[in-house]
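Residue-level structure breakdown
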Amino acid sequence: MMKPRNWMLGLALAAGIGIGTVQAATVTTAWEAISDGQDACLNTGVEATRQAGFRGSISNDRQTVFGWRGDDSIAIRCIGDRRLAVIFIYVVSREDNNALLQTVRNTYRRPTKG
């Protein structure tokens, strides 16, 4: 028969092992100056989420691009009259948020066509 103290130690150890396998989410925020207006910002946002490996879509109010990939997400809030894109990246996978942010920023920094 297991002594009560040993049983509690075993339970604590099992709980600690379970907690150790839980992945923590990371959040990154940034902003990017844009040279074009709202529609161009939204279109670039959809392209940026696609380049980062996410499935992107524009919100019904045409203010934000949302990108989804499993539990990971990217949101890009376009403020065209301020020439600004605000970027939010929420990742629970082991992927580096900084690499995702750089992909999004590089898409916005590409010269526009035309």
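Quick note: structure is the one above.
Residues numbered from 1 in each chain as written. Predicted model: local features only at pLDDT ≥ 70, side-chain atom pairs only at ≥ 80, totals over all residues. Heavy atoms only, no water.

To continue, consider the side chain of Ser59. Summarising the element assignment, Ser59 is placed in the loop between strand E2 (55-58) and strand E3 (64-69). For Ser59, the side chain forms a polar contact with the main-chain nitrogen of Gln63, separated by 3.3 Å. In this view, Ser59 contacts Thr64 and Phe66; residues no more than four positions away in its chain are not counted. (Helix = DSSP H or I, 4+ residues; strand = E, 2+ residues; numbered from the N terminus. Polar contact = N/O pair within 3.5 Å; in protein donor to acceptor, adjacent residues only side chain to side chain. Contact = heavy atoms within 4.5 Å.)

Most of strand E4 (residues 72-79) sits out of view: six of its eight residues are buried. Where E3 lies against E4, six bridges are found, and the strand directions are antiparallel. Within the sheet, the bridge partner assigned to Gly67 lies in E4 and is Ile74. Counted along the chain from E3 to the antiparallel partner E4, the turn is two residues long, and its residue Gly70 has a positive phi close to 60 degrees. As paired elements, E4 and strand E5 (residues 84-91) share seven bridges and run antiparallel to each other. Paired with Ile74 across the bridge in E5 is Ile89. Between the antiparallel neighbours E4 and E5 lie four residues, among them Arg83 with a positive phi of about 55 degrees. (Buried < 20%, exposed > 50% of the residue type's maximum accessible area, 1.4 Å probe, protein only. Pairing = 2+ DSSP bridges.)

Our next topic: the environment of Asp72. Relative to the elements of secondary structure, Asp72 occurs in strand E4. By relative accessible area, Asp72 is classed as buried at 3%. Here Val92 takes part through its backbone nitrogen, which lies 2.8 Å from a polar atom of the side chain of Asp72.

Charged atoms that come close allow side chains of opposite charge to pair. Under the defined criterion, the tally for this structure stands at five salt bridges. We note a salt bridge from Asp39 to Arg62, for which the minimum N-O separation is 3.1 Å. You can see Asp39 sitting in helix H2 (residues 38-51) and its partner Arg62 sitting in the loop between E2 and E3, a full 23 residues away along the chain. Of the residues examined, Asp39 reaches a relative accessible area of 45% and is grouped as partly exposed. Judged by its relative accessible area of 37%, Arg62 falls in the partly exposed class. Among the salt bridges present, the one from Arg50 reaches Glu47, with a minimum N-O distance of 2.8 Å. Of the two residues, Arg50 and Glu47 are both situated in helix H2; the distance of three residues between them amounts to about one turn of the helix. Because the salt bridges share partners, they merge into one network encompassing Glu32, Arg105 and Arg109. (Salt bridge = Lys/Arg side-chain N within 4 Å of Asp/Glu carboxyl O.)

Let's shift gears to the packing of H2 against helix H3 (residues 97-109). One can describe the packing of H2 onto H3 by two numbers: an axis separation of 9 Å at closest approach and a directional angle of 140 degrees. The angle between H2 and H3 places the two elements in the oblique class. Considering only the axes of H2 and H3, their crossing is right-handed. For the pair H2 and H3, contact is made by Cys41, Thr44, Gly45, Glu47, Ala48 and Gln51 and by Thr103, Val104, Thr107 and Tyr108, respectively. (Axes fitted to C-alpha atoms, helices over the stretch in contact; angles between N-to-C directions. Parallel < 35°, antiparallel > 145°, perpendicular 65-115°, else oblique. Left-handed = near helix turned anticlockwise from the far one by under 90°.)

Nothing here speaks to function; it is geometry throughout.
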